[in-house]
Amino acid sequence: MRFSSYMNEWLYGENGYYKHFKSIGKSGDFYTAVSASRFFGASIANYFLMLLEKNPAYRNGWLIEVGAHQGYLLCDMIQWLYTCDPALMQTLRFGIVERQPDVQEAQRSYIKERFGDDITVTHFNDIGEVEASYAFIAANEIFDAFPCELLKDEKIAIVENHHIQWEEAPDETLQWAKSHHLKQGEIAVGYEKFAKAMSKGIMHGDFVSFDYGEKYVRNDFSIRIYSKHEAFPLFDESLVLEKSYQNDDITYDVNFKHVAEAFIAAGFQEEAYETQARALVRFGLMEILEQFAKKTTQSVYLREIDKIKTLLSPTMMGDRFKMIHFKK
């Protein structure tokens, strides 16, 4: 089978890695910005508030997270919105796009733990199910979890019995690679379909997403496997695919140029593209911290500052992760 099909089964098949709820953080295979600090979500919510100031009509729209894991990000956003503007709890509707039933159940449990019965969150199996006159959609690390093809010397990867082999690439793949100056690396599968599905039922919207990657092709393989916070290149000779298959995470660096092309073709316009550090500061992270400092002890504040360093430091997530914002 093609590598994209293999990767899709690895992550989303009947026994796939994401089929059931997975721990993120110290007890899992990797960290995310969401698990690093609750102020990540607060900053995105603060940006949403800035947009609402420009168009108050959007106060009656949807706040939706795609690929929400346990629901931390959405809940952190709701918490900050409630702190700043409690009336929004009466006008906004909240949603999560998640197709795995077990993960949906974990999200419902966590949301109830955070807010009891005060907040109702609607689950969608697919972003195409959302129908809204306006929606603010947030996502963290979803584009790196789309299946991809692997291209090398005009050949694409196929997998037989968990061993990678190569066959001649179809013309459409070669044409895409040539137009993007790609000779070797990953070609994501599904960005176009996802962008069209989001555009279908949403009349007006803002989509803000964070991920690791660049706005150009690397012409090298970035695809790797994460297991208990260690990264292993896919083509590492010591790696046994059969053992990692569906047990460990598999991911690659995002080509944000490809993402942008898909969304622009679906009717969106690109509003911003910048490092995570610049985006979070622009969203008001430092002002949020100042408010937090006035309401807590110095020791608690200093602990939170250490977490924030993970989000902003150039040597950690600050520069490697990017934010891209599309508007429709």
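All of the points below concern the structure found in this document. (Residues numbered from 1 in each chain as written. Predicted model: local features only at pLDDT ≥ 70, side-chain atom pairs only at ≥ 80, totals over all residues. Heavy atoms only, no water.)

## Quick look at the pattern of salt bridges
One pass over the structure, following the stated rule, counts 14 salt bridges. Of the charged contacts, one joins Arg-2 and Glu-149 as a salt bridge, the two residues approaching to 3.5 Å between their closest N and O atoms. You can see Arg-2 sitting in the segment before helix H1 (3-12) and its partner Glu-149 sitting in strand E5 (residues 148-152), a full 147 residues away along the chain. Connected through salt bridges with shared partners, the residues Arg-218, Arg-224, Asp-253 and Arg-320 form a single ionic network. (Salt bridge = Lys/Arg side-chain N within 4 Å of Asp/Glu carboxyl O. Helix = DSSP H or I, 4+ residues; strand = E, 2+ residues; numbered from the N terminus.)

## Notes on the pairing of strand E4 (residues 132-140)
Most of E4 is tucked away: eight of the nine residues are buried. Across five bridges, the pairing between strand E1 (residues 62-66) and E4 is parallel. The residue of E4 that forms the bridge with Leu-63 is Phe-136. Where E4 and strand E9 (residues 202-214) come together, eight bridges link them in parallel fashion. Across the sheet, the residue bridging to Ile-137 is Phe-207, located in E9. (Buried < 20%, exposed > 50% of the residue type's maximum accessible area, 1.4 Å probe, protein only. Pairing = 2+ DSSP bridges.)

## Notes on the sheet that holds strand E12 (residues 249-251)
Strand order in the open sheet formed by three strands is E11-E10-E12, and the pairing between neighbours is antiparallel. The open sheet terminates on both sides in strands that have one partner only, identified here as strand E11 (230-233) and E12. Strand after strand, the sheet turns through a mean of 30° between neighbouring axes, direction not considered. Two elements, strand E10 (residues 224-227) and E11, share four bridges in a ladder whose sense is antiparallel. Among the inter-strand pairings, Arg-224 is bridged to a residue of E11, identified as Pro-233. (Axes fitted to C-alpha atoms, helices over the stretch in contact; angles between N-to-C directions.)

## Structural notes on the environment of Asp-102
Looking at where Asp-102 falls in the secondary structure, it is placed in helix H6 (residues 101-115). A sequence separation of 47 residues divides Asp-102 from Asn-55, and the C-alpha atoms of the two residues are 37 Å apart.

## A short note on a negative patch on the surface
Negative charge collects at one region of the surface, where Asp-153, Glu-154, Glu-160, Glu-167 and Glu-168 lie side by side. Mapped onto the secondary structure, Glu-160 falls in strand E6 (residues 155-160). (Patch = residues over 30% accessible without salt bridge, like charges linked within 9 Å, V, L, I, M, F, W, Y side chains within 5 Å. Areas by Shrake-Rupley, 256 points an atom, 1.4 Å probe, with all protein chains shown as cover. Lys, Arg positive; Asp, Glu negative; His and termini not counted. Charge placed at Lys NZ, Arg CZ, Asp CG, Glu CD.)

## Some points on the environment of Glu-261
Inspection of the secondary structure puts Glu-261 in helix H10 (residues 256-265). On the basis of relative accessibility, which here comes to 33%, the residue Glu-261 falls in the partly exposed class. Once the C-alpha coordinates of Glu-261 and Ala-195 are considered, the two residues, 66 residues apart in sequence, prove to be 9.7 Å apart. There is a polar contact of 2.6 Å between the side chain of Glu-261 and the side chain of His-180. (Polar contact = N/O pair within 3.5 Å; in protein donor to acceptor, adjacent residues only side chain to side chain.)

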